[in-house]
Each structure stands twice: as structure tokens, then as C-alpha cells.
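Summary of structural features
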Amino acid sequence: EKGTYPHFMLKEIDEQPFVMRKIINEYQNENNELKLDADIRSAMQKTDRVYIIAAGTSYHAGLVGKSFIEKIANIPVEVHVASEFSYNMPLLSDNPLFVFISQSGETADSRGVLVKIKEMGHPALTMTNVPGSTLSREADYTLNLYAGPEIAVASTKAYTAQIAVLAILAVDTAQAKGLELEFDPMQELAIAANAMEILTDQKDEIEGLARDYLPTTRNAFFIGRSADYNVCVEGALKLKEISYIQAEGFAGGELKHGTIALIEDGTPVIALATQANVNYSIRGNVQEVVARGANAMVISMKGLEQDEDAFVLPHVHELLTPLVSVVPMQLLAYYAALHRGCDVDKPRNLAKSVTVE
Ligand code: F6R
């Protein structure tokens, strides 16, 4: 039920802070210790390399998850688009663990890989919003996303749920391996949930940005570095699928290798600047596109902001910034689509779960 909301997408964007808190509760016991299935814990301890397999937005969550599992749990990770992996399988490590990320648990491209790797005898974990789904039943282990039903075709709360559960998986593995963490991950997740709630209360501001930057444009670019780059590809996907604006997410450093040729007078460029170690470089990229006429919108984070920034996000831990920086991306896409009169919840040519390869 949409209740008072005009669209499921807006409702689901708003639900994200509550989904975060639900996940925090579901994955902790009464002593605030993580409680993951012991079998999942030991599979993570045994593996020498994690292969994340997913499609679309879930693939983008996988890109963020890679940094968690590598930086927090110290295990190498590869992230693969399911449809590509099927016929172009990389050389596998000795003890691979496959992690399938799928909101619906029904994506045929991902299932194709699952069937193949099960035939090869490799273990599989499915992270899904639908525990009884095909990918969940056919894998050895399941991690539930607890996002509640996602009705809008464009995925929002499942993406942030996937990121949160990936963080929890990484932290649980680190604890099982006796690795020291320099921060309290569950507290940082709770801080991120609060930050998300602040953002969902700033819709008017973001609607204004959509009006100022995206009203009649044919295309738009998203640039970022490091964790911001991972969110830029998701921001671009959200915008293109519901507003039909041609959008692309680029790594800031790649601009000069070709993309900058596309910048014309008035081209909207949305830049994310939430990472201290690349703040200087991404600001340089913004200068470069502005010098070529771009209409640049910088979305930065408290502590790294500059006067000319269009929007400043509340501060969260540097690993968890995707949870908050994606919210204005989702809202920009929503309002751009709304202003163009698009069918936000049911964009043309798209299905909620893609059950054909
Ligand atoms: C984008 C979107 C799709 C899905 C993709 C995978 O908003 O919803 O890109 O993310 O089709 O679907 P699941 O996660 O169900 O496997």
C-alpha cells in the first residue's frame, strides 16, 4: 500500500532509515553481538576469494560490498555482472565463495551462474529480500535483506539494505578472524540511518536541484572517485531508468581520457565529494568541466564542503558514505522523472524481476 505517498518509489526511499534500523536489530542479539549463521561465518573464514555475482542495482551494491569485505575482512573480492560471468568465467581461486546479491532472488542471469558454479561444486550464499526465492533455495546459505516488499521497479531500499548487510557480513567475518576494527561498525550504521532520515526530510531542497539542473536536459553525467564512483554509477542508472535522461557515471580520473569531449555549454555534471583522500582531485575535475561550460552540482559531505557546493550531506564514516550519498541521487531521479511526467513506478520497457537471460 502506498498510503499517502504519490508513488511507491518515494515511499521506499523514505523507508530506508527504518530498514537500516531493522537490519541492525535483526543481525544483533540482546548483547549487541552480531548473530550470523555459524555456517556462513565458517564459509567466509574458509574462502580465499569472494565472487560477488549480480545485475543492475544489485551489482552496484556489490561494488560497495567489495570495499567492505576487502578493507574490513581482508579477503580479496571480485564483482561480476551475472550475464557476463556466464560465458566469460575468470580463473577461479582455490577456495572461491560465491555471493549472489538479488533483491527478487529470481534474476535469471544470476541463476544461470548459480547453476553453473553448483555443478562445479562451489559454495554459494544468496543475499536477497525474498528468502523463499529461487536463488535463496538453490544456494547453500541465505542472508535476508529485511527491506520489506519493494514495489517500484527502480530499486532503492533494497540497494541500501544490500550495502548494510554486506557491511555486517564483512564485520562478522573480521570478528571471527580476530581482526581489530578501528571503529564501532554497528554504531556507525546507526549514525548512517539517522543521516538518511535527515536527508529524507530535505526533499524540497533536492526537488529544487532537480528543477535547476535537470529540467530539459538530454543527458547528465555523474562523477566521483573511490566510494563516490560506485554511487555515481547507481545514481546514473536511477536517473536513466525512470526519467529517460541519458546518464552515465564516470570515475573522475577517467574524464580526461575521453568523456570530457562530451561536455558542452550547460551539460549537467553531478559530482560527489564525500571522500577526504580524493577531495582535492574531484574538485579539480569539477573545475575542468566547469571550464568547458558544464552546469556542475557538487554534493559533498560535512567536513569537506566548500561554499559553492549545491548540497552538503551529514557526516558519516567514510566507508558508509554510499548509504547516504545515494539518497539525493534517488530523489534527483525521482523528481526529474516526475517533472517530465514519467511513470515513476513503472518505467517503460522494464520489469521488476528479470526472469529471462
Ligand atoms: C534498477 C533495478 C534493476 C535490478 C536488477 C537486478 O533499479 O531494479 O537493475 O537491480 O534487475 O534485480 P535483482 O536484485 O532482483 O536480482
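Note that the structure is predicted; figures quoted are calculated from it, not measured.

The rules behind the values
Residues numbered from 1 in each chain as written. Predicted model: local features only at pLDDT ≥ 70, side-chain atom pairs only at ≥ 80, totals over all residues. Heavy atoms only, no water. Phe/Tyr/Trp six-rings, centres within 6.5 Å; stacked < 30°, edge-to-face > 60°. Helix = DSSP H or I, 4+ residues; strand = E, 2+ residues; numbered from the N terminus. Buried < 20%, exposed > 50% of the residue type's maximum accessible area, 1.4 Å probe, protein only. Expected span 1.5 Å × (residues − 1). Near = heavy atom within 4 Å. Polar contact = N/O pair within 3.5 Å; in protein donor to acceptor, adjacent residues only side chain to side chain. Areas by Shrake-Rupley, 256 points an atom, 1.4 Å probe, with all protein chains shown as cover. Nonpolar A, V, L, I, M, F, W, Y, C, P; charged D, E, K, R; others polar. Contact = heavy atoms within 4.5 Å.

1. Focus: the packing of aromatic side chains
For any pair of aromatic rings, the description rests on two quantities: the centre-to-centre distance and the angle between the ring planes. Summed over the entire model, instances satisfying the criterion amount to six aromatic pairs. Centre to centre, the rings of tyrosine 27 and tyrosine 146 are 5.7 Å apart; their planes meet at 75 degrees, and the pair counts as edge-to-face. One end of the pair, tyrosine 27, is in the loop between α2 (16-26) and α3 (38-46); the other, tyrosine 146, is in the loop between β5 (141-144) and α8 (157-176), and 119 residues separate them in sequence. Between the aromatic rings of phenylalanine 98 and phenylalanine 100, the centroid separation amounts to 6.4 Å while the plane-to-plane angle is 25 degrees, which identifies the pairing as stacked. The burial state of phenylalanine 98 is the same as that of phenylalanine 100; both residues are buried. These aromatic residues form a ring-pair network of at least three members: Tyr51, Phe85, Phe98 and Phe100.

2. Here we look at helix α11 (residues 227-243)
Helix length check: α11 (17 residues) gives 24 Å between terminal C-alpha atoms against 24 Å at 1.5 Å per residue, within 8%. Directly after α11, the chain includes tyrosine 244, whose backbone phi takes a positive value near 65 degrees.

3. Thoughts on unusual backbone geometry
Excluding glycine, a negative phi dihedral is what most residues carry, and trans is how most peptide bonds are arranged. At serine 226, a residue that is not glycine, the phi angle is positive and equals roughly 60 degrees. Considering the arrangement of structural elements, one finds serine 226 in the loop between β6 (219-224) and α11. Not every positive phi belongs to a glycine, and tyrosine 244 is a case in point at roughly 65 degrees. On the basis of relative accessible area, tyrosine 244 is assigned to the partly exposed category, the value being 29%.

4. Some details on the site of the ligand
The immediate surroundings of the ligand are formed by 13 residues, with Ser58, Ser102, Ser104, Thr107 and Glu241 found nearest. Serine 155 is positioned such that a nitrogen or oxygen atom in its backbone is 2.9 Å from an oxygen atom of the ligand. Between lysine 238 and the ligand, the recorded distance is 3.0 Å, taken from a side-chain N or O atom to an oxygen atom. If the ligand stood free it would expose 400 Å²; the protein chains cover 90% of that surface. Taken together, the elements giving at least two residues each to the shell around the ligand come down to α4 (56-73) and α11. Per element, the largest residue contribution to the shell around the ligand is three residues, and it comes from α4. Here the residues of the shell around the ligand sort into three nonpolar, eight polar and two charged.

5. Things to note about the side chain of asparagine 219
Secondary-structure assignment places asparagine 219 in strand β6. Setting aside residues up to four positions removed in sequence, asparagine 219 forms contacts with Ile245, Gln246, Thr267 and Pro268.

6. A short note on the environment of aspartate 265
Within the secondary structure, aspartate 265 is located in the loop between β7 (246-251) and β8 (268-273). Sequence-wise, aspartate 265 and leucine 92 are 173 residues apart; in three dimensions their C-alpha atoms are separated by 47 Å. Not counting residues up to four positions away in its chain, the partners in contact with aspartate 265 are Arg292 and Gly293.

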